[in-house]
Amino acid sequence: MFLPPPLPNPNHLPKVTNIVTIYTENTFQPTNPMTDAQISIAPILIVDDEEIVARSYAAVIESAGIEPVITCSDSRKVSDLVAHTEPAVIILDLTMPHISGEKLLEQIHRSCPHIPIIISSGADAVDTAVGCMKAGAFDYILKPATEDRLIGTVRRAMDMRELSLENAKLKEHFLSDELKNPDAFKGILTRSKTVLSIFQYIEAIATSAQPVLVTGETGVGKELVARAIHDSSKRSGKYVPVNVAGVDDTVLSDTLFGHCQGAFTGAATERHGLVEEAAEGTLFLDEIGELSQTLQVKLLRLLQDGEYCPIGSESPKRARCRIIVATNRNLRELMEAGRFREDLYYRLWSHHIELPPLRKRLEDLPPLVDRFLDDAARALGRKKPTPPRELITLLSTYPFPGNIRELRAIVLDAVSRHGSGVMSLDSFRDALQIGNLSHRPHLESNTAEFSKVLEDVHPLPTFRQAEDLLIQEALRRSNGNQTIAAQLLGTTRQTLNRRLKLIEGDE
């Protein structure tokens, strides 16, 4: 058949056996050895001299889909085991022979402070619990712990560890990329190498007096970048933002340049404009593509000569601010259509920053979703909810025409609808409208791109082959999740499953 090697069907992959490893006093080898791939996943380590307790905890944790889990019944082996496996979370019994849990807590926290340690004890003693927390424990649970209590505590500990590691990696990336002032970019959460390279470019142009043009789709964070440019510049003046879209020319001229006393009816006093307010600082003009021809002339003079005239004045003033402009429009197309001045276009092109859309920086989805869940929970006065495991996979299949702003709105809406427990994917599916063929205008704009892909394909694939290719691409985009893949294709999971069986039969 005219097909590339098929993607693995997640329903037919061999199931990885749950790992419950017992470390005895005589050996460090697990009874069920881990493969290299399994070792790369940080395990949950349960330390308890009562093996039946350790096994029961492991079974409960694994039943919640958290794995791998390893256990150790000999407290003398724990230090070496921690160094060897780098656990994600440790559940530590307090009362054990040889080395007590309190002593191990002190040792592990000192050498590996990033690993959250949950103390497990049958003693309901407030003083003991407080002492453990002061010594660095993440939480304290009483034996026998209920399933909800155990799983909830482990999940919270894992969330804390992931956040800690994420912050550490971001800091390491900043340092490795040699940013001189990473604090200037603290408002922009990213893991994207493209965005990090933009940060470096910003630092390179930060002290320049030339204007900066920031372009990108709506919702990509153009104003955040403008603010980062100002903060990197170390200018002593203020950062003054203004949106120029939909504002009357006279009102906008007055807002930007001010007016003299008596310049028009009602002008009883002199007014300083935002250009003067931003002296020694930065003036940010958003939606510059909406600027009228009249104001384009005034802006060009401001950029070229550094001068402007308040309304009613014949004496120009000197501007002492840095100008940053932004737009989601294609200025070249506007220029070619005669709606944007050519001289202004090239004047603005001194420094140009093009921000990538969210669909081209999908590595930013996990930290952004985590941040927006935090923000939404605080705004609604609720506890931060636990997102569904498939959420990032689902979101990565959506083109996000509204980019980060749209993602924030989707998460806020989902949190507002959420009740308790793990969040449902339904509110996200409704917002994304995946599978709704009437909600795919972006496909029409890509017709020419699809045609180019097929130009060199000879002969054309048959309907059957094209269908198989689409199925494989949907599975690739959904990371093997058949439910999401079916929604991408506008069909049901049952239909997709039947089609996959037919493909396997052909093979």
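Structure shown above.
Just so we're clear, the structure is a prediction, and the values are computed from it rather than from any experiment.

1. A short note on the side chain of T153
In this structure, T153 sits in helix α6 (residues 147–176). For T153, a relative accessible area of 0% puts it in the buried group. Among the polar contacts listed, one links the side chain of T153 to the side chain of R156, at a separation of 3.4 Å. Leaving out residues up to four positions away in the same chain, T153 has contacts with I118, F138, D139 and I141.

2. Observations concerning the sheet that holds strand β7 (residues 212–215)
As a general point, the strands of a sheet are linked pairwise by backbone hydrogen bonds and lie either parallel or antiparallel. With parallel pairing, 5 strands are arranged side by side in an open sheet as β8-β11-β14-β7-β15. Looking at the sheet topology across the chains shown, the edges are occupied by β8 (239–243) and β15 (351–354). This sheet shows a mean twist of 20° between the axes of neighbouring strands, independent of strand direction. Pairing geometry for strand β11 (residues 282–286) and strand β14 (residues 322–327), over 4 bridges, is parallel. By the bridge assignment, L285 is partnered in β14 with V325. Contacts between helix α7 (residues 193–205) and the sheet are confined to β7, β14 and β15, with β15 contributing the most and set at about 160° to the helix.

3. Structural notes on the pairing of strand β4 (residues 89–93)
Taking burial as the measure, the 5 residues of β4 include 5 buried ones, the bulk of the element. Side-chain alternation along β4 places V89, I91 and D93 on one buried face and I90 and L92 on a second face that is also buried. Sheet analysis places strand β2 (residues 44–47) next to β4, joined by 4 bridges and oriented parallel. Across the sheet, I44 pairs through a bridge with V89, a residue of β4. Summarising the sheet, β4 and strand β5 (residues 117–121) pair through 4 bridges and their orientation is parallel. Residue pairing across strands places I91 opposite I118, the latter belonging to β5. Chirality of the crossover, the property in question, places the unit of β4, helix α4 (residues 101–111) and β5 among those that are right-handed.

Rules and cut-offs
- Here, residues in each chain are numbered from 1, in the same order as that chain's written sequence.
- Totals for whole chains, interfaces and linings use all residues, but because this is a predicted model, local features are given only for residues with pLDDT of at least 70 and pairs of side-chain atoms are given and counted only at 80 or more.
- Heavy atoms from the whole structure form the basis of all side-chain values; hydrogens and water molecules are not counted.
- Only DSSP runs of H or I with at least four residues qualify as helices, and only runs of E with at least two residues qualify as strands; both kinds are numbered from the N terminus onward.
- Under the scheme applied here, a residue whose accessible area is under 20% of the maximum for its type counts as buried, over 50% as exposed, and between as partly exposed, the area being computed with a 1.4 Å probe on protein chains only.
- Throughout this description, a polar contact denotes any pair of N or O atoms lying within 3.5 Å of each other; where both atoms belong to protein, one of them has to be capable of donating a hydrogen while the other can accept it, and for residues adjacent in sequence the pair is counted only when both atoms sit in side chains.
- We call two residues in contact whenever any of their non-hydrogen atoms come within 4.5 Å of each other.
- Any two strands with at least two DSSP bridges between them are considered paired.
- Note on definitions: angles span 0 to 180 degrees between N-to-C directions of axes, and those axes are lines fitted to C-alpha atoms, for helices only across the stretch in contact.
- Note on handedness: a crossover is taken as right-handed if, strands pointing away from the viewer, the path from the first strand over the helix to the second is clockwise.

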